[in-house]
Amino acid sequence: LKKRVMDRPLPEVRLVDVSPGGYSFEEMRATKAFQEWIAFSEDEYYARLDRLVLKYRGAAPPAATGKVSVIPNGVAGQGCAPMRAAAAAPRVVVSGRIAPSKFLIEAVAAMRVLWREYPHAELHLLGRAEQRYAAYAQDLLNAIGPDLGTRVFLHGAVSDAPERLAGFSVALVLGERQGCPNAVLEALAAGLPVIANDSG
């Protein structure tokens, strides 16, 4: 049996890396010491790949030249969204995980400024905190304070976030090294204006 297996030609294995782009390349460079330890450099990795799939056009590592395919990030279209009238009490939504890189404590601070003119404005957070960010989640709760459940609402992880978006006034998407966030695309597909910082 062993001889029959050994005589059989091995199937061709193709390696494809599906990457968000810039952030992934930065992480690869940051692990240079580990790469040298296992004798597998960044250039060797990209040389071994058959294809590198990116979400948007940008500068890929030189070793990946000729192997890059771009498949733009996207979400299902919802058809033409109705024009929304300005609400007397704006409802701001943040859809995504609770993590320090999402600047949610700063978002709560911004809401306090908004509340001076729109005291009934609401902030809704759709998402959960991973265990590694438990301390940040507690800091967020402390920042929200007595406004929890009255002007700031934590919905936890939700499976129908895109369908909920049409019920809000504006989506807030803040973060670092975001690439092309699904949260932005889902909000736009729902006809929702987006406030976002220029990152990624």
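The notes below deal with the structure included here. As the structure is a prediction and not an experimental result, all values here were calculated from the model.

Notes on helix H6 (residues 134-144)
Part 1 of the argument: All of the buried residues along H6 are Tyr136, Ala137, Leu140 and Ile144. Each buried residue of H6 sits inside an arc of 100° when the element is viewed along its axis, so together they form one side. When the buried face of H6 is taken as reference, the exposed residues oriented beyond 90 degrees from it are Ala135 and Asn142.
Part 2 of the argument: Buried residues along H6 sit against helix H5 (104-114), strand E5 (122-126) and strand E6 (152-156).
Part 3 of the argument: In the stretch just after H6, glycine 145 is the one whose phi turns positive, near 55°.

Some points on the sheet that holds strand E1 (residues 16-19)
Part 1 of the argument: Across the sheet, 3 strands lie side by side as E1-E2-E3; this open sheet has parallel pairing. Edge strands, defined here as strands with exactly one partner in the open sheet, are E1 and strand E3 (68-70). Strand-to-strand twist across the sheet, computed as the mean angle between neighbouring axes with direction ignored, equals 20°.
Part 2 of the argument: With 4 bridges joining them, E1 and strand E2 (residues 51-54) adopt parallel strand pairing. When the sheet's bridge partners are listed, valine 18 is paired in E2 with valine 53.

Remarks on the packing of aromatic side chains
Part 1 of the argument: Scanning the model with the defined rule gives 3 aromatic pairs in all.
Part 2 of the argument: Taken together, a centroid distance of 5.9 Å and an interplanar angle of 40° make the contact between phenylalanine 34 and tryptophan 37 tilted. With phenylalanine 34 and tryptophan 37 both in helix H3 (residues 32-37), this residue pair falls 3 residues apart, about one helical turn.
Part 3 of the argument: By relative accessible area, which is 48% here, phenylalanine 34 ends up partly exposed.
Part 4 of the argument: The class for tryptophan 37 is exposed, based on a relative accessible area of 70%.
Part 5 of the argument: Three or more aromatic residues joined by ring pairs make a cluster, and in this case those are Phe25, Tyr45 and Tyr46.
Part 6 of the argument: The ring of tryptophan 115 carries the charged tip of arginine 151 above its face, separated from the ring centre by 3.9 Å.

With respect to the pattern of salt bridges
Part 1 of the argument: Following the criterion strictly, the structure yields 6 salt bridges and no others.
Part 2 of the argument: Of the charged contacts, one joins arginine 112 and aspartate 147 as a salt bridge, the two residues approaching to 2.6 Å between their closest N and O atoms. Note that arginine 112 is positioned in helix H5 and aspartate 147 in the loop between H6 and E6, a separation of 35 residues in sequence.
Part 3 of the argument: Here glutamate 130 and arginine 132 are joined by a salt bridge, their closest N and O atoms 2.6 Å apart.
Part 4 of the argument: By relative accessible area, glutamate 130 is classed as partly exposed at 26%.
Part 5 of the argument: According to the relative accessible area criterion, arginine 132 is exposed, its value standing at 61%.

What about the pairing of E6?
Part 1 of the argument: Sheet analysis places E5 next to E6, joined by 4 bridges and oriented parallel. Residue histidine 124 lies in a different strand from E6, and its bridge partner there is phenylalanine 153.
Part 2 of the argument: Following the chain from E5 across H6 to the adjacent parallel E6, one finds a crossover that is right-handed.

With respect to the sheet that holds E5
Part 1 of the argument: Strands sit in the order E6-E5-E4-E7-E8 across an open sheet of 5 strands; the sheet is parallel. Strands with a single pairing partner mark the edges of an open sheet, and in this sheet they are E6 and strand E8 (194-196). Neighbour-to-neighbour, the strand axes of the sheet open up by a mean angle of 25°, direction not taken into account.
Part 2 of the argument: Where H5 meets the sheet, it contacts strand E4 (91-95), E5 and strand E7 (170-173), and its direction lies at approximately 165° from that of E5.

Rules used in this analysis
- Residue numbers restart at each chain and count upward from 1, following the sequence in its written direction.
- Residue-level local features of this predicted model are given only where pLDDT is at least 70; pairs of side-chain atoms are given and counted only at 80 or more, and the full residue set underlies all totals for whole chains, interfaces and linings.
- Values reported for side chains reflect all heavy atoms of the structure, with hydrogen atoms and water molecules removed beforehand.
- When a residue's accessible area, from a 1.4 Å probe over protein chains only, is under 20% of the maximum for its type it is buried; when over 50% it is exposed; and in between it is partly exposed.
- Under the DSSP-based scheme used, a helix requires at least four consecutive residues in state H or I and a strand at least two consecutive residues in state E, with every element numbered from the N terminus.
- Working note: the arc is built from the helix axis to C-beta atom directions.
- The contact criterion used throughout is that any non-hydrogen atoms of two residues lie within 4.5 Å.
- DSSP-based pairing: two strands are paired if at least 2 bridges between them are found.
- All axes are obtained by fitting lines to C-alpha atoms, using only the stretch in contact for helices, and the reported angles, taken between N-to-C directions, cover 0 to 180 degrees.
- Stacked, edge-to-face and tilted are the three classes for Phe, Tyr and Trp ring pairs, Trp counted by its six-membered ring, which pair at centre distances within 6.5 Å; planes under 30 degrees apart are stacked, over 60 edge-to-face, the rest tilted.
- Placement of a positive charge over a ring is assigned whenever Lys NZ or Arg CZ falls within 6 Å of the ring centre and within 35 degrees of the normal to the ring plane.
- Basic side-chain nitrogens of Lys or Arg form a salt bridge, by our definition, when they fall within 4 Å of a carboxyl oxygen of Asp or Glu.
- Think of it like this: strands point away, you trace from the first strand over the helix to the second, and a clockwise trace means the crossover is right-handed.

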